[in-house]
Amino acid sequence: MSNVLLKFEREDREGYVAVGTYLIDAAKRFGIDLTETGETEDELRTDLVIVTAGSEHLSPLTQTENEHFSSHGRRENERFASQARIESVGEILIMTNEKKTAEETAAEDQDEKYKKDFTEMPLEKKIAALVQLEAITIGETFSFIFNSPSLIFSKVMDVMAEFGLKKESDAKDATRPEEHKKAGPKAKAKTGKSNPPAAETPIG
């Protein structure tokens, strides 16, 4: 039986599998979980992968894939691991999707639920919810200011010091000779040295 070199790039795992093997079964042999969670087209599927090289060694897109991609769009060389079967000898490189943590998934689900609930609210409730959010934001801002007096004082002092230095610099510049203002620092450097005092002429 002919074998195919299969590499999973994200997991940095590779090995030989037989022609006729589905990508999802090959992944399981390498300890990579690509189990699909959806039974219907509307449910989420997690066995989507990108074939970064060697797509010509896989079976053509199935009806299930064509229907899904026509509705949801398709990334370049994207396949369902449960639908793609290895059909010829060669080397195949696979990039799996980055898995999200349970906390990230829960947070996204909560965000989606809030968006859906907000969309379905009557206008009056939407306005009330926005006003409530604004009140919470203002309260958190004041809480931060009251709980960070040293930080606020430090920032204010920095601004005042910078303002004072600028005023002092402007006052000094106002007393400089006009030719120095026009000529700039180079002229000051050239004329910076004072000439030695002239020798006194003895009175005869």
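Rules of the game
- Residues numbered from 1 in each chain as written.
- Predicted model: local features only at pLDDT ≥ 70, side-chain atom pairs only at ≥ 80, totals over all residues.
- Heavy atoms only, no water.
- pLDDT = per-residue confidence, 0-100.
- Contact = heavy atoms within 4.5 Å.
- Pairing = 2+ DSSP bridges.
- Helix = DSSP H or I, 4+ residues; strand = E, 2+ residues; numbered from the N terminus.
- Axes fitted to C-alpha atoms, helices over the stretch in contact; angles between N-to-C directions.
- Buried < 20%, exposed > 50% of the residue type's maximum accessible area, 1.4 Å probe, protein only.
- Arc of directions from axis to C-beta.
- Phe/Tyr/Trp six-rings, centres within 6.5 Å; stacked < 30°, edge-to-face > 60°.
- Core = buried A, V, L, I, M, F, W, Y, C linked by side-chain atoms within 4.5 Å.
- Salt bridge = Lys/Arg side-chain N within 4 Å of Asp/Glu carboxyl O.

Bringing the confidence of the model for the protein into the picture now. Per-residue confidence for the protein averages 75 on the pLDDT scale, and 61% of its residues sit at or above 70. Counting interchain partners and residues more than four positions distant, the pLDDT-below-50 stretch residues 37-44 has nine contacts. pLDDT under 50 marks residues 187-192. Its contacts with residues more than four places away, or in other chains, come to three contacts.

On to the pairing of strand β5 (residues 91-96). Pairing geometry for strand β1 (residues 3-8) and β5, over four bridges, is parallel. Opposite Lys 7, over in β5, you have Leu 93 as the bridge partner.

For the rest of this paragraph, the subject is the side chain of Ser 59. Among the secondary structure elements, Ser 59 is positioned in the loop between β3 (48-53) and α2 (63-72). Beyond its immediate chain neighbours, meaning those up to four positions away, Ser 59 contacts Arg 79, Gln 83, Ala 84, Arg 85 and Glu 87.

As a further point, take the sheet that holds strand β2 (residues 13-18). Strands sit in the order β2-β1-β5-β3-β4 across an open sheet of five strands; the sheet is mixed. The sheet is open, and its two edges are formed by β2 and β4 (78-80), each paired on a single side. With direction set aside, neighbouring strand axes in the sheet form an average angle of 35°. The pairing of β3 with β4 spans three bridges and is classified as antiparallel. Looking at β4, one finds that Ile 50 is bridged to Glu 78. Packed on one face of the sheet, α2 meets β3 and β4 and runs near 130° to β4.

With that settled, the discussion passes to α2. For α2, the full list of buried residues reads Glu 65, His 68 and Phe 69. In an axial view of α2, the angular spread of the buried residues amounts to 95°, which keeps them on one side of the axis. Set apart from the buried face of α2 by more than 90 degrees, the exposed residues are Gln 63, Ser 70 and Ser 71. Contacts made by the buried residues of α2 are with β3 and β4. In the stretch just after α2, Gly 73 is the one whose phi turns positive, near 85°.

Summed over all chains, the structure comprises two aromatic pairs. With a centroid separation of 5.8 Å and 80° between ring planes, the pair formed by Phe 8 and Phe 30 is classed as edge-to-face. In this pair, Phe 8 sits in strand β1 while Phe 30 sits in the loop between α1 (23-29) and β3, placing the two residues 22 residues apart along the sequence. Neither Phe 8 nor Phe 30 differs from the other in exposure class; each is buried. Centre to centre, the rings of Phe 69 and Phe 80 are 5.7 Å apart; their planes meet at 20°, and the pair counts as stacked. Remark: Phe 80 occurs in strand β4 and Phe 69 occurs in helix α2; sequence separation between them is 11 residues. Both residues of the pair, Phe 69 and Phe 80, belong to the buried class.

Turning next to the pairing of β2. The pairing of β1 with β2 spans six bridges and is classified as antiparallel. Bridging across to β2, Val 4 finds its partner in Val 17. In textbook terms, the turn of a hairpin is the stretch between consecutive antiparallel strands, and for β1 and β2 this stretch comprises four residues, one of which, Asp 12, has a positive phi near 55°.

Another aspect to go through is the nonpolar core. Buried together is how nonpolar side chains tend to be arranged in soluble globular proteins. With 19 residues, the main nonpolar core has Leu 6, Phe 8, Leu 23, Leu 34, Ile 92 and Ile 94 as its most contacted residues. Sorting the residues of this core by element identifies β1, α1, β3 and β5 as the ones contributing at least two each. Of the residues forming this core, the biggest block, four residues, is contributed by α1. Setting aside its immediate chain neighbours within four residues, Leu 6 contacts Arg 13, Glu 14, Gly 15, Val 17, Leu 23, Ala 26, Phe 30, Ile 92 and Ile 94.

With that out of the way, let us pick up the pattern of salt bridges. Inspection of every chain in the model, using the stated rule, returns four salt bridges. One salt bridge connects Glu 78 with Arg 75, and the closest N-O pair in it is separated by 2.6 Å. On the accessibility criterion, Glu 78 (5% relative accessible area) is buried. With a shortest N-O distance of 2.9 Å, Glu 87 and Arg 85 are connected by a salt bridge.

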